[in-house]
Amino acid sequence: MIYNTNIKTNSYGAVANYILKLGLIFIILIAALSTFYAERLLSKQRTQELGLYSMLGLTRRHLKQIVLLENSLFYMICIIIGSVAGITFSKLAFMSLESLLGTTSLHQNFTLLPLIYVAAIFAGIFILIILFDFWGLKRVNPINLWAKSSQPEKEPKSHTLLAVLGIIALLIGYCISVMIKPTGAAFGQFIIAIVLVVAGSYLVFITASISLLKILKKNQNYYYKPNHFISVSNMLYRMKQNGAGLASISLLCTSILVALIASVSLVEGQNNLINLWSPVDVQIVSKAPLSTTAKQTIHKLANNYQITMSQSHMVAVTTPSMGILSGKHFKPQFNTKTEYTLSSLDLRQYNHLQNTNYHLKDNEVLMYAPGTNYLQRHISVQGRTYKVKRIKKFNGAFVYSHNIYKSIFIVAANPTIAKQLNPHSYVYAQGFNTHGTKWHQKQFANAVQNALKVDPSNFTSKYIMRDLLKAMFGSLLFMGILISIVMICATTMIVYYKQVSEGYADKHNYQIMSKIGLSQKETRKAIQSQVLTVFTLPIIGAILNLIFALPAIKSVLTIFSMYDLKILVVVSFCTISVLIISYTIIYLATTNVYRNIVSH
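In this report, we go over the structure that sits alongside the text. What you see is a predicted model, and the numbers here were worked out from it, not measured in a lab. (Residues numbered from 1 in each chain as written. Predicted model: local features only at pLDDT ≥ 70, side-chain atom pairs only at ≥ 80, totals over all residues. Heavy atoms only, no water.)

So, the overall build of the protein chain
- The helix and strand inventory of the protein chain stands at 17 helices and 13 strands.
- Relative to the 2.2 N^0.38 estimate, which gives 25 Å for 600 residues, the radius of gyration of the protein chain is 31 Å and therefore markedly larger than a compact globule would have.
- Summarising its shape, the C-alpha atoms of the protein chain cover approximately 95 × 60 × 40 Å along the three principal directions.
- Relative to its 600 residues, the protein chain shows a buried fraction of 46%.
- Relative to all contacts within the protein chain whose residues are 6 or more apart in sequence, the contacts with residues 24 or more apart total 79%.
- Within the structure as shown, the protein chain displays about 30900 Å² of accessible surface, and the carbon and sulfur contribution to it stands at 64%.
- Distance between charge centroids for the protein chain: 4 Å, based on 53 positive and 19 negative side chains. (Helix = DSSP H or I, 4+ residues; strand = E, 2+ residues; numbered from the N terminus. Rg over C-alpha atoms; globule rule 2.2 N^0.38 Å. Buried < 20%, exposed > 50% of the residue type's maximum accessible area, 1.4 Å probe, protein only. Contact = heavy atoms within 4.5 Å. Areas by Shrake-Rupley, 256 points an atom, 1.4 Å probe, with all protein chains shown as cover. Lys, Arg positive; Asp, Glu negative; His and termini not counted. Charge placed at Lys NZ, Arg CZ, Asp CG, Glu CD.)

Dropping the structure here:
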């Protein structure tokens, strides 16, 4: 997408191109880490093979040649199959990106440059794997390789302190996520919560799981049953490695859920943001009313671009004051806890703009606060308390400087009281609707901004804003879907190789147990119990992580005025359902692989 399309020269393509580059870095990391993890899972089986070769007389130099040749062949196979599959899939990916960006001017052409980059990146990954394998051979005497691979796992020790620390870290991470408010500090708090949940997940899966298995082992009524005895024993002896793997799978599943839910919610909520920023097609905010010359320029440009303008309106409000709303008190304050902006205007303007006939006393105000659930009957501002009546519509609403805070507009009985509410200078919001083709309306808006030299933060055009948000959120959704696909593939690969390595490790034990009387039926039950436990824990952990992450996602979406409960619930339900179905398919497929290895 970055090198084989004209996305850079497309409308707002720089934004989409930047997001794609960030996604590229993330995907490379996932590819590298999952490949290394698969290599680690298979290393014991390979150690046994190399041990056999050393017993047959091969030297360490010969073993290095085998490792080099094998990995070189793997690399060539990966590049050939991956390139063919990638080129085939890229057409579908291109069509999806074009649809999400809402453009028909995006073009695709094939060059060798991306293939060269891909080949170089994976060459680097495989070189690191080869060096890792060489380092493993250097540390171990070839004559002892066979004995090393045959050494049984030692029962891990209980680490009660680490288990408690893991649970505490997890609970603190969950608490931070639940308590996050839609303020400027939300992003930093969310990162802290993620770090704590990741650390807590690994500690809980590694240490707490061992403690739990040892408790089950001490429970004679539970432990001394064929399927429980075998599954608990097998998992206990390898839980140190299993725990890290299960935590990785759980966190990958959590990442898939969060990435899809957040990106889909952003795309679905972009219309809410556009309407909030400007209830009209074009809006200009300035420190003085537009001059006669500026108005004539606008009308002249409208004629040039075949645009019909509706009657414009203007409203004068006090410059928004940033602050926090605690109970019924609004406190002017600008820091990481800032959540709202407050502006005031007089009743005459509001009645004229809305064609209403409200009457207010000096201690009464009308309050327009979209996106808030303010239920108080009074509000206290600048040391004075006013009786509040909520209003649902205000055509002159706007978001000052396109900031991320929720806007509150208070209508007072007269200009004097409006100034008491917010003693700042006035700003003038002037807006109008336009009629014409989409292309002409967009060109007209650009021409007005350039002709009047309006700062972008004080100029809003629905058509320009819609294209910008489509480029931003469309590419985010594209990356969310693509990264989720990559993480699903990585999860599948980790689970598959995990089952293969454990199957070979357990094969000898099952053979011994079958010789002393374990039936095929009991073997199947034991396998099902063990594999089901291994598969169930990560998905339960992922869903639990998501439940506690949803309040944080809600807060982040609320900052951008994109929170919609219905969208969030529907997207979350659909995403969890798809993940569970995919996970079940992976479970059934890999269980058969494990059973075939153990049974034959």
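Brief notes about unusual backbone geometry
- Within the chain, Q382 stands out as a residue other than glycine whose phi angle is a positive 55°.
- Looking at the secondary structure, you find Q382 in the loop between strand 8 (378-381) and strand 9 (384-390).
- Using a relative accessible area of 38% as the deciding quantity, one classes Q382 as partly exposed.
- Not every positive phi belongs to a glycine, and K453 is a case in point at roughly 55°.
- Note on placement: K453 falls in the loop between helix 14 (438-452) and strand 13 (459-461).
- Among the residues examined, K453 registers a relative accessible area of 76% and is labelled exposed.

Thoughts on the side chain of S83
- The topology assignment puts S83 in helix 2 (residues 60-101).
- Looking at S83, the relative accessible area reads 19%, which means it is buried.
- Once residues within four sequence positions are removed from consideration, S83 is found in contact with C78 and L115.

Quick look at the side chain of T434
- Turning to its location among the elements, T434 is positioned in strand 12 (residues 434-435).
- Among the residues examined, T434 registers a relative accessible area of 5% and is labelled buried.
- Only 2.6 Å separates the side chain of T434 from the side chain of Q441, close enough to count as a polar contact.
- Non-local contacts of T434, meaning those with residues more than four positions away in its chain, are made with D281, V282, I307, T308, Q441, F444 and Y463. (Polar contact = N/O pair within 3.5 Å; in protein donor to acceptor, adjacent residues only side chain to side chain.)

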